[in-house]
Amino acid sequence: MSLVRSGCLTLDVADLDRARAFYGGILGLDEAFAVGDWVEFRAPDLRIALRRTPERPEPGGAALGLASASPLAEVRAALATAGVAIDGEERDEAAGVRLLHLRDPDGRRLYFWERLDG
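Since the model is a prediction, treat every value here as computed from it, not as a measurement.

What counts, and where the lines are drawn
- Along each chain, the written sequence defines residue order, and numbers are assigned to residues from 1.
- Whole-chain, interface and lining totals are the exception, using all residues; otherwise, since this is a predicted model, local features are given only for residues with pLDDT of at least 70 and side-chain atom pairs are given and counted only at 80 or more.
- The basis for every side-chain value is the complete set of heavy atoms in the structure, and neither hydrogens nor water enter the calculation.
- Values of pLDDT, ranging from 0 to 100, describe the predictor's confidence in every residue of the model.
- Strands here mean DSSP runs of E at least two residues long; helices mean DSSP runs of H or I at least four residues long; both are numbered from the N terminus.
- We call two strands paired when DSSP finds no fewer than two bridges between them.
- Here, two residues are considered to be in contact whenever any of their heavy atoms come within 4.5 Å of each other.
- Here an axis means a line fitted to C-alpha atoms, over the contact stretch when the element is a helix, while the angle between two N-to-C directions is reported on a 0 to 180 degree scale.
- Whenever Lys or Arg places a side-chain nitrogen within 4 Å of a carboxyl oxygen from Asp or Glu, that contact is recorded as a salt bridge.
- Relative accessible area decides the class of each residue, using a 1.4 Å probe on protein chains only: under 20% of the type maximum gives buried, over 50% gives exposed, and in between gives partly exposed.
- As used here, the term nonpolar core means buried Ala, Val, Leu, Ile, Met, Phe, Trp, Tyr and Cys residues forming a set that is joined through side-chain atoms within 4.5 Å.

On to the confidence of the model for the protein chain. Per-residue confidence for the protein chain gives a mean pLDDT of 83, with 82% of residues at or over 70. Within the protein chain, no element has a lower average pLDDT than strand E3 (residues 63-67), which sits at 85, and none a higher one than helix H2 (residues 72-81), at 93.

Okay, structure coming up:
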């Protein structure tokens, strides 16, 4: 039996307007609710992934993974047009996915992924 029906990833941000523009404007997430210093965005699916790293993880280290709605080349182009810096090239993983890494305005790691098998 699962104790969880859905989830909410809460991110602390330095500038709410800048973060709102990034997550709502650039990434295209739908704003669901806002009051005071709190803004929520709606995404079709949210999962939490645990990743073992060979080096010691940084305190509070996390990355938000986003399933790409378009081919990664198109996502990369849209992000570049919006002035978002990409962290390196796309990378194929043994799990059968290709990843595109970037950072949000607060330096938090994000990645888009697409399946290699189409």
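We now examine the sheet that holds E3. Here we have four strands laid out as an open sheet, ordered E3-E6-E5-E4, and mixed in their pairing. In this open sheet, the two edge strands, each paired with only one partner strand, are E3 and strand E4 (91-92). Here two bridges tie E4 to strand E5 (residues 97-103), and the two strands are oriented antiparallel to one another. Bridge assignment links Asp-92 to a residue of E5, and that residue is Arg-98. Here H2 sits on the sheet and contacts E5 and strand E6 (109-115); the angle it forms with E5, its principal contact strand, is near 10 degrees.

Relative to strand E2 (residues 38-42), strand E1 (residues 30-35) runs antiparallel, the two sharing five bridges. Looking across to E2, one finds that Asp-30 is bridged to Arg-42. Counting the residues between successive antiparallel strands, the hairpin from E1 to E2 contains two residues, one of them, Gly-36, with a positive phi of roughly 55 degrees.

Turning our attention to the pattern of salt bridges. All chains considered together, the criterion is met by nine salt bridges. Among the ionic pairs, Arg-108 bridges to Asp-104, the shortest N-O distance being 2.9 Å. A relative accessible area of 22% places Arg-108 in the partly exposed class. A network of salt bridges, in which partner residues are shared, links Arg-76, Glu-89 and Glu-90.

Attention now goes to the nonpolar core. Core analysis: the largest hydrophobic core is formed by 14 residues, its most contacted members being Phe-22, Tyr-23, Leu-27, Leu-79, Leu-102, Leu-110 and Phe-112. Mapped by element, the contributors of at least two residues to this core are helix H1 (16-26), E3, H2, E5 and E6.

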